[in-house]
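# Notes for the structure review
So the chains spell out like this:
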Amino acid sequence: QVQLVESGGGLVQAGGSLRLSCAASGRTFSSYAMGWFRQAPGKEREFVAAISWGGAGTYYADSVKGRFTISRDNAKNTVYLQMNSLKPEDTAVYYCAADLVPASRWYNLGKPDYWGQGTQVTVSS
């Protein structure tokens, strides 16, 4: 079992930055690919970014490429999402996720094995 707890969401103006954190507990955190999804009101949950278990491979949705950066610290059992140049369309609940499926395949990952409770990100125009 892996438990995930997100933090760092909030309200920011367009063009601003936020850093989300996801603290994981449970065994073998470093064995899991980690990532982020988001869900805006009235829309389906969508893939945002993923990182391989060792941190060498990172993958992004086209909508956030060049603006968001995912990273992880296996010593702290934590994964991060640095979000820069935020846009109003980035407004959503952001969910941390963990799965044994390699991060390179998360673009089509329907439902990761583990989810956090989500953290709200609101970008005002």
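Refer to the preceding data block for the structure.
Overview of the structure. These numbers were taken from a predicted model, which means no experiment stands behind them.

## Observations concerning the pairing of strand 9 (residues 92-99)
- Counting buried residues in strand 9 gives seven out of eight residues, a clear majority hidden from the surface.
- Direction of pairing for strand 4 (residues 33-39) relative to strand 9: antiparallel, over a ladder of seven bridges. Of the residues in strand 9, the one forming a bridge with Ala33 is Asp99.
- Sheet topology note: the strand 9/strand 11 (residues 119-124) ladder contains three bridges and is antiparallel. Of the residues in strand 11, the one forming a bridge with Tyr94 is Thr119.

## Remarks on the sheet that holds strand 1 (residues 2-7)
- If you walk across this open sheet you meet the four strands as 1-3-8-7, and the pairing is antiparallel. Here the strands that pair on one side only, and so sit at the sheet edges, are strand 1 and strand 7 (68-73). Averaged over all neighbouring strand pairs, the angle between strand axes comes to 15°, with direction disregarded.
- Bridge count between strand 1 and strand 3 (residues 18-26): six bridges; the pairing is antiparallel. When the bridges of strand 3 are listed, Gln3 appears paired with Ser25.

Cut-off values and rules
- Residues numbered from 1 in each chain as written.
- Predicted model: local features only at pLDDT ≥ 70, side-chain atom pairs only at ≥ 80, totals over all residues.
- Heavy atoms only, no water.
- Buried < 20%, exposed > 50% of the residue type's maximum accessible area, 1.4 Å probe, protein only.
- Helix = DSSP H or I, 4+ residues; strand = E, 2+ residues; numbered from the N terminus.
- Pairing = 2+ DSSP bridges.
- Axes fitted to C-alpha atoms, helices over the stretch in contact; angles between N-to-C directions.

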